[in-house]
Amino acid sequence: MDIEKYRRATNYLTAAQIFLQDNFLLDRPLTFDDVKPRLLGHWGSGPGVNFIYGHLNKLIKKYGQEMMFVLGPGHAFPSLQANLFLEGSLGEFYPQATHDYAGIEYICKNFSWPYGFPSHSNPGTPGVILEGGELGYSLSTSYGAALDNPNMIIACLVGDGENETGPSSAAWHINKIVDPKTNGTVLPILHLNGYKISAPTVYGRMSDDELKSLFWGYGYEPKIVSGDNLDEQMEAALDWAHETIWRIKHADNLPTPPRMPMIVMRTLKGWSGVKELDGKKIEGNCLSHQVVLSEAKTDENQLRMLEDWLKSYHFEELFDREKGFGDFLANILPEPHQRMGMSPHARGGDPVYKPLVLPNASEYAVNMAEPGKTKGSSMIQTGKYLAEVFRLNDSNHNFRMMSPDETYSNKLDNIFEATKRGWVWPHESWDMDMAPDGRVMEMLSEHNLQGLAQGYVITGRHAVFASYEAFIQVVSSMADQFAKFLKHTVDYEWRGQFPSLNYILTSSAWRQDHNGFSHQNPGFIDDVLRRHGNFIDVYFPADVNSTLLATEKMLSTTRQINVIAAGKTDEPQWLTLDEARKQMQTGIMVWDFASDENPDIVLAGIGDYPTKEVMAAIDLAKREYPDARIRCVNVSSLTARGFGQGRNHINQDEFNNIFTTDQPVICNFHGYPETIKAILFNYDVDDRRFDVRGYIESGSTTTPFDMQVRNNTSRFQLVIGIFEKLADIGRISEQEAALIVSKYKQKIADNTEYIKKNGIDMPEIDNWEWKNEHVDTLHSHSQDTAGDYGRI
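Scope of this entry: the structure provided in the associated data block. (Residues numbered from 1 in each chain as written. Predicted model: local features only at pLDDT ≥ 70, side-chain atom pairs only at ≥ 80, totals over all residues. Heavy atoms only, no water.)

## Considering the packing of helix α1 (residues 2–19) against helix α2 (residues 46–63)
Threshold: To define axes, lines are fitted to C-alpha atoms, for helices over the stretch in contact only, and angles between the resulting N-to-C directions are given on a 0 to 180 degree scale. In this text, helices come from DSSP runs of H or I with a minimum length of four residues, and strands from runs of E with a minimum of two, each type numbered from the N-terminal end. Angles below 35 degrees are treated as roughly parallel, those above 145 as roughly antiparallel, those between 65 and 115 as roughly perpendicular, and all remaining angles as oblique. A crossing counts as left-handed when the near helix is turned anticlockwise from the far one by less than a right angle, and as right-handed when that turn is clockwise. Contact criterion: two residues are considered in contact whenever any of their non-hydrogen atoms come within 4.5 Å of each other.
The geometry of α1 relative to α2 is characterised by a closest axis approach of 9 Å and an angle of 140° between their N-to-C directions. When the interaxial angle is binned, α1 and α2 end up oblique. The way α1 lies across α2 gives a crossing that is right-handed. On α2, the residues that touch Ile 3, Tyr 6, Arg 7, Thr 10, Asn 11 and Thr 14 of α1 are Pro 47, Asn 50, Phe 51, Tyr 53, Gly 54, His 55, Asn 57 and Lys 58.

## Quick notes on the side chain of Arg 8
For clarity, the threshold we go by: N or O atoms closer than or at 3.5 Å make up a polar contact, with two conditions inside protein: a donor-capable atom paired with an acceptor-capable one, and, for residues adjacent in sequence, both atoms drawn from side chains.
Inspection of the secondary structure assignment puts Arg 8 in helix α1. In this structure the side chain of Arg 8 is engaged in a polar contact, spanning 3.5 Å, whose partner is the backbone oxygen of His 314. Setting aside chain neighbours within four positions, we find Arg 8 in contact with Tyr 313, His 314, Glu 317 and Leu 318.

## Focus on the nonpolar core
Our working definition: Each nonpolar core is a collection of buried residues, namely Ala, Val, Leu, Ile, Met, Phe, Trp, Tyr and Cys, held together in the definition by side-chain atoms within 4.5 Å. Burial here depends on accessible area, computed with a 1.4 Å probe over protein chains only, as a share of the maximum for the residue type. Under 20% is buried, over 50% is exposed, and the range in between is partly exposed.
Judged by nonpolar contacts, the single largest core of 176 residues is most densely connected at Phe 69, Ile 104, Phe 315, Tyr 503, Leu 638, Phe 643 and Phe 659. At 9 residues, α1 tops the list of elements feeding residues into this core. Counting residues in hydrophobic clusters, the runner-up holds 72 residues, among them Ala 550, Leu 555, Leu 603 and Trp 768.

## Some points on the pairing of strand β11 (residues 399–403)
Counted only if it meets this: Any two strands with at least two DSSP-identified bridges between them are counted as paired.
Counting buried positions over the 5 residues of β11 gives 5, a clear majority of the element. Burial of β11 is two-sided: the residues Phe 399, Met 401 and Ser 403 facing one way and the residues Arg 400 and Met 402 facing the other way are all buried. The pairing of β11 with strand β15 (residues 462–468) spans 4 bridges and is classified as parallel. Paired with Met 402 across the strands is Phe 465, a residue of β15. With 3 bridges connecting them, β11 and strand β14 (residues 440–442) associate as parallel partners. Among the inter-strand pairings, Met 401 is bridged to a residue of β14, identified as Val 440.

## Focus: the packing of helix α12 (residues 378–392) against helix α16 (residues 544–556)
As a reminder of what qualifies: Polarity classes work like this: nonpolar for Ala, Val, Leu, Ile, Met, Phe, Trp, Tyr, Cys and Pro, charged for Asp, Glu, Lys and Arg, and polar for all others, with Gly in that last group.
Running from amino to carboxyl end, α12 crosses α16 at an angle of 35°, the nearest separation of the two axes being 9 Å. Both α12 and α16 take part in a crossing whose hand is right-handed. Residues Ser 378, Met 379, Gln 381, Thr 382, Tyr 385, Leu 386 and Val 389 of α12 form the contact with α16, whose own contacting residues are Val 544, Thr 547, Leu 548, Thr 551, Glu 552 and Leu 555. Its residues assigned to classes, the contact of α12 with α16 shows 7 nonpolar, 5 polar and 1 charged.

## Considering helix α14 (residues 476–489)
Here is the rule: Multiply 1.5 Å by the residue count of a helix minus one, and that product is the helix's expected span.
For α14, built from 14 residues, the straight-helix expectation of 20 Å at 1.5 Å per residue is met to within 8% by its first-to-last C-alpha distance of 20 Å. Buried within α14 are the following residues: Ser 476, Met 478, Ala 479, Asp 480, Phe 482, Ala 483, Phe 485, Leu 486 and Thr 489. Residues of α14 that are buried make contact with α13 (446–458), β16 (501–506), α15 (523–528) and β18 (561–565).

## Remarks on the sheet that holds strand β22 (residues 630–635)
An order of β20-β22-β21-β25-β26 is seen for the 5 strands of this open sheet, with the pairing classed as mixed. Of all strands in the sheet, those with a lone pairing partner are β20 (588–590) and β26 (690–693), marking the two edges. Shown here is a sheet whose adjacent strand axes are inclined to one another by a mean of 20°, direction ignored. Two strands pair when backbone bridges link them, and β20 and β22 are joined in this way by 3 bridges, in the antiparallel orientation. Its bridge partner being in β22, Val 590 is matched across the sheet by Val 633.

Structure follows, in structure tokens:
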């Protein structure tokens, strides 16, 4: 059978990549010199991957089906690479991977080799959209890739060990929010080889009846392939799955639930490999997981076992030095453009990537006569803006939003004027804003929304993931894995453009005073800002207009990770749209309307709520001591490389112009102070003059202002800091400073007692409004003080 020959060829090449650095056709007896000095790689899952990949190719050839392949256990990469080599996809991007002896030598010598091919799936692998090193994300990523690709089938191989993870367990329920008629189809193939690294898997020990009941309950139509005649069974199962998918897609009335097919595939771990070693069972056991014969480089017995194992595939029947591979290959493989490694959806660029049509931000901007007098909600206006993004791109079907049941809570619900939440399971008459073809993906699983977003953007479409700030931390590790993938995509010219992965974080720690300590965590910002490179920007817009422009900017970028941290409550508005656009160009600006020339001290606000406290502190300080010369700096974006944006962060001279070279600076930051302290290491600065404040893990169910007090970021504490530092530099006497410090310490104590009694902050706090009569002049900074970073 051609399929059996195909499987023998891929199994041989899989093992050869792991072990051999010479003698690739076993033309002579195997020697220690033929074996790699470091044996790296995973064998156990490989034969199952080779089995299903061959059958998928037959299916594509038979029906002309457009298909992608997502490999959950990325450690099975040598088998994936063997298939990509045989189908010719690898050679399209690596010209040395030819179908001759030199090509076999190339893939074998370079697998798991320094400056060669890695041991896991990676961005340099044709057709790959997921590395699969950290397990659990294959199914959600596949569903993301299937969205808005109605003719596509994504064959997703889920490992049974992988399926024990929380993300995988929840991902099976994504079928309930994906319309099979308007989207592509994910064909999950649960690979049960029975074992993880050192123990049996949960799913591997379940009976067929238990598995059928489980996945039927999840809303699928399961088919089990197991036992004898596996080739015949799998061919029949795939034909059935294909027919079922298209019958449902073409049905006039979608059944509820629309049970899409899934396949449970039982094969032995390490199938066709070494059966036993030193009296221990290898094939069909966890001991076949990685390098089976780890001492083959130095142990004669293991060397001979390796030779016997490789010879068992009779590769000489499948490949000839002069003629190459036999006819079996052509009989299995589809046309070159239909091969899974050649899917344009996995590469990005034309024709799958289209920039979004974006609305004019001025239509949603807050019109203001002067700073601080008008209030507005950043999230309400952003919701209106995003609703128009949906409308303008409706015919392109290339924009979606992911949200874990928080769209209403985060005040983004204006988007429901343009679209609905995806939902294909039963409806009740009182359900709101739900439709089968809804473009908002809501599921109370941040992991799976992250996977949907990743799969969607890496295949060329645009997404925004909106979340409570505290709970986006759930996906920090996933975001790290995506950042690793993203970082290396630029190394491969054949990977085209694809949109950025965009986050909106709201309901932040500063206004989770009602939910309490568990909902107060800005740590995701800290995590993403540790990623090196110029492909991650975090925006801290101070008001509505700044938020709109940050949203516009991030939706226009490609190959980045963008994060917006902004509140949802009505807050003072500081910048006109033109002023906000000027600040957006650099990510940092001196606010002249709140600044004096030749400052004695600099106050920097980073984030909307901290900025409000900075503005109140400047107001109060000028009332107490009108001669205090204060500069107000606002930072609206950060990168790991410095203040500003990744590709446009400010340099040392610009830093000095803004923050001066010798005056004290108080930074009031949205997140953890350590984040800013780390960024300051990018500059030559005496960090002793920088007083960095932010969230210091002090919170509870309390008032909004008390959250600031608990974290030493309130206007009263900033005033105290201002006068302590003015006294330190001799700008004011210690006695004068002490009186003011004492006054504001008492204000803090008074407010604490007030909220204990009344449950709210003192009226003077809630009723505060910015007044600019204390600042000497409204002016533009000259080139020698703030350069281009002053307000026009």
